[in-house]
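Each chain is listed here by its residues.
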Amino acid sequence: MKKMIILLCLCSTAVFAQNRFYVNQTAGDDDANDGKSWSEAFVSLQRALDEVSEGDEIWVAEGFYLPVKKLAETDDEGNPLSQRYATFVIPGGVKLYGGFPSQATNSTGMAQRDWEVNPTILSGDLNANDGPDFTNREENAYWVVRLNNADESTVIDGFTISDGNFNVEKAIMTIRMVFGSGIVATASGANSSPTLRNLIIERNVSTYGGAGFSNVSETGDASPVISNVVFRNNISDEYGGGFANKGNLKSSPILENVIISGNHAYIGGGMYCLAEMAEASPVMTNVLVSGNDARSDAGGIYLNSYVGNVQPVLTNVTVAGNKSGNAVGGLFCYANSGISLPQLRNTVSWGNKATQKEMEDFYSLEGINENDGDIQNSQIGNPLPTELPIGNVPGFVLPVDADFAPTTEGDYRLLNSSQLVNSGNNSFVTATVDLAGKQRIFEGTVDIGAYELQEKSTVGIEEMLAARNIWAEQGNLYVRTDRPSTIRIYTVDGILVQQTRLGEGLQVIPLSTGIYFVSPDNEKATKVYVTK
């Protein structure tokens, strides 16, 4: 009987060991409060991080939070470190949730959380003075968030993570410095597989790799689970502008309902995965990779294994409008000595550009042999055996020419007339919703790509386009007005290039390729991309 009592006590301790801490920038107090309810919330995230242990949670109300605690006070030689070494260090096994309202009361729970309505921003902009085009960033924190030896029980959910600036030359790097700037996850002697959900990761810069998210395991697997995350407008000078994932053994992240757009790097503008000893096999479902740019190879996605295999599985993925300065604008799979066998299901890679024209949209290299991979119910832009005809525009609502990359512009949902509608294979579908959160299979057969067309119309494409007011298509500007109007067309530099008086109805104005702002009667201007 005594043994049973002891066992029950131990079980009780395990169940109630988890703590929850609350942070509210507008209603908290680091000194007077204990952080264990909304009424007793801490004002700073760092105060909560100082208290947590493995298994604990932190709930954070909307606000703008800056890191204040440096990794250390001195460098390896005893010199004082600047405030740029401040970062949010998330202990392993801790769950971090943002998106709670600033007016939260003690009755506010997960049901009241909305990370889009209540933006919770973790920023590296220490002086809160960043300008456009990545200016005024010299004082920004090197890393916004850091994770060490994080497994799937480590969760970051409901935040915008922005404006890290790892602009350090390798010659002056200290032992504490790691590549990346938005979120940096590292593991020594372990796997690195944190869970990232409901995030916007943007405007981070790294001299090396993984500006948006850098995940590295030195001896194990790098297999994070990433869902409902946007990687946009991140810049790396070397690899993986949006996302870099490097595992000594496996490099196999799981991505579902993810957007990777407008990022830049030397290799792998949008996403870079490297497995040194085994395989690089990411699993991607309902993912959009668009408008990314690489100075060298793989504007969209770069996958590589030094001695193992490259066997990604892409289901309902859209890779479009990416650009590279050398080989492969879209998806590049490269196994140095192993097998490269990408599996593409219900996937489209189209409208990507590369200097080497024969490898614009997709290329797979197996050791020294080319390998087209296992492609089913997919539309690939360059000549490969597919079940759909090659050479026809797939029918996106508003694709953007890859020459404009890096850009987050574009609308890669499907038109009624798209040949991608109802052309997929339902047996490959595992998700219940598409990238927009709508029903994944509509009208019986799944569509190809990240988005599912939900509503059919009996009107033709010309009538559909005419329902919009201002748009561009095939070298022409289209303007639809309900009264006579004066249309002014400006370059991105604000130079007036044309002023035209139009009558009521739909008008067509030929324009050279470029980006323009179009203003009817000096009203709010619309940004358009004119391509041939």
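Criteria and thresholds
Residues numbered from 1 in each chain as written. Predicted model: local features only at pLDDT ≥ 70, side-chain atom pairs only at ≥ 80, totals over all residues. Heavy atoms only, no water. Helix = DSSP H or I, 4+ residues; strand = E, 2+ residues; numbered from the N terminus. Buried < 20%, exposed > 50% of the residue type's maximum accessible area, 1.4 Å probe, protein only. Contact = heavy atoms within 4.5 Å. Areas by Shrake-Rupley, 256 points an atom, 1.4 Å probe, with all protein chains shown as cover. Pairing = 2+ DSSP bridges. Axes fitted to C-alpha atoms, helices over the stretch in contact; angles between N-to-C directions. Core = buried A, V, L, I, M, F, W, Y, C linked by side-chain atoms within 4.5 Å. 1 Å grid on protein atoms, 1.4 Å probe; cavity = no way out; pocket = protein on both sides within 12 Å on 5 of 7 lines; lining within 4 Å. Points joined across faces, edges and corners; volume = space filled by probe spheres on them. Nonpolar A, V, L, I, M, F, W, Y, C, P; charged D, E, K, R; others polar. Patch = residues over 30% accessible without salt bridge, like charges linked within 9 Å, V, L, I, M, F, W, Y side chains within 5 Å. Salt bridge = Lys/Arg side-chain N within 4 Å of Asp/Glu carboxyl O.

Along the chain, the regular secondary structure elements total three helices and 41 strands. Here the chain holds 532 residues, and 55% of them are scored as buried. A sequence separation of at least 24 residues applies to 70% of the contacts in the chain between residues at least 6 apart. As presented, the chain carries roughly 22,300 Å² of accessible surface, and 50% of it is formed by carbon and sulfur atoms.

Another point: the sheet that holds strand S37 (residues 485-491). Ordered by their spatial adjacency, four strands build an open sheet running S38-S37-S40-S41, and the pairing between neighbours is antiparallel. The sheet is open, and its two borders are formed by strand S38 (496-502) and strand S41 (526-530), each paired with just one other strand. Here the strands of the sheet are splayed against their neighbours by 25° on average, with no regard to which way each runs. Pairing between S37 and S38: six bridges, direction antiparallel. Residue pairing in the sheet places Ile487 in a bridge with Thr500 of S38.

A word on the nonpolar core. Membership of the largest hydrophobic core comes to 55 residues, with the highest contact counts inside it found for Ile58, Val145 and Ile183. Contact partners of Ile58, with chain neighbours within four places excluded, come to Phe21, Val23, Leu45, Ala48, Leu49, Val52, Val94, Lys95, Leu96 and Tyr97. By size, the runner-up hydrophobic cluster in this structure holds 17 residues, among which are Phe396, Leu414, Leu435 and Tyr451.

This part takes up the environment of Phe332. In this structure, Phe332 sits in strand S25 (residues 331-335). C-alpha of Phe332 to C-alpha of Tyr272: the two residues are 60 residues apart in sequence and 9.8 Å apart in space. Those residues in contact with Phe332, other than ones at most four positions away along the chain, are Asp297, Ala298, Ile301, Tyr302, Leu303 and Tyr363.

Okay, empty space enclosed by the protein next. Tallied over the full model, the rule gives one cavity of 30 Å³ or more. Approximately 30 Å³ is the volume found for the largest cavity. Split into classes, the residues belonging to the lining of the largest cavity amount to six nonpolar, two polar and one charged.

Tracing the backbone shows Val225 in strand S14 (residues 225-232). Each C-alpha atom, one on Val225 and one on Asp151, is 9.7 Å from the other, the two residues being 74 residues apart in sequence. When sequence neighbours within four positions are dropped, the list of residues in contact with Val225 reads Pro194, Thr195, Leu196 and Ile254.

A surface patch of nonpolar side chains, about 360 Å² in accessible area, is lined by Leu249, Met277, Tyr306 and Val307. Residue classification places Tyr306 among the partly exposed positions, given a relative accessible area of 39%.

Let's shift gears to the pattern of salt bridges. Taken as a whole, this structure holds 16 salt bridges when the rule is applied. Put simply, Asp50 and Lys69 hold a salt bridge, and the shortest N to O gap is 3.3 Å. Separated by 19 residues along the polypeptide, Asp50 in the loop between helix H2 (45-49) and strand S2 (57-61) and Lys69 in the loop between strand S3 (63-65) and strand S4 (88-90) bring together distant segments of the chain. A salt bridge links Glu73 to Lys70; the nearest nitrogen and oxygen atoms lie 3.3 Å apart. Look at Glu73 and you get exposed, because its relative accessible area is 54%.

Here we come to the pairing of S2. Taken across its five residues, S2 has five buried, putting it largely inside the fold. Relative to S2, strand S1 (residues 20-23) is paired through four bridges, and the arrangement is parallel. The partner of Val23 across the bridge, within S2, is Val60.

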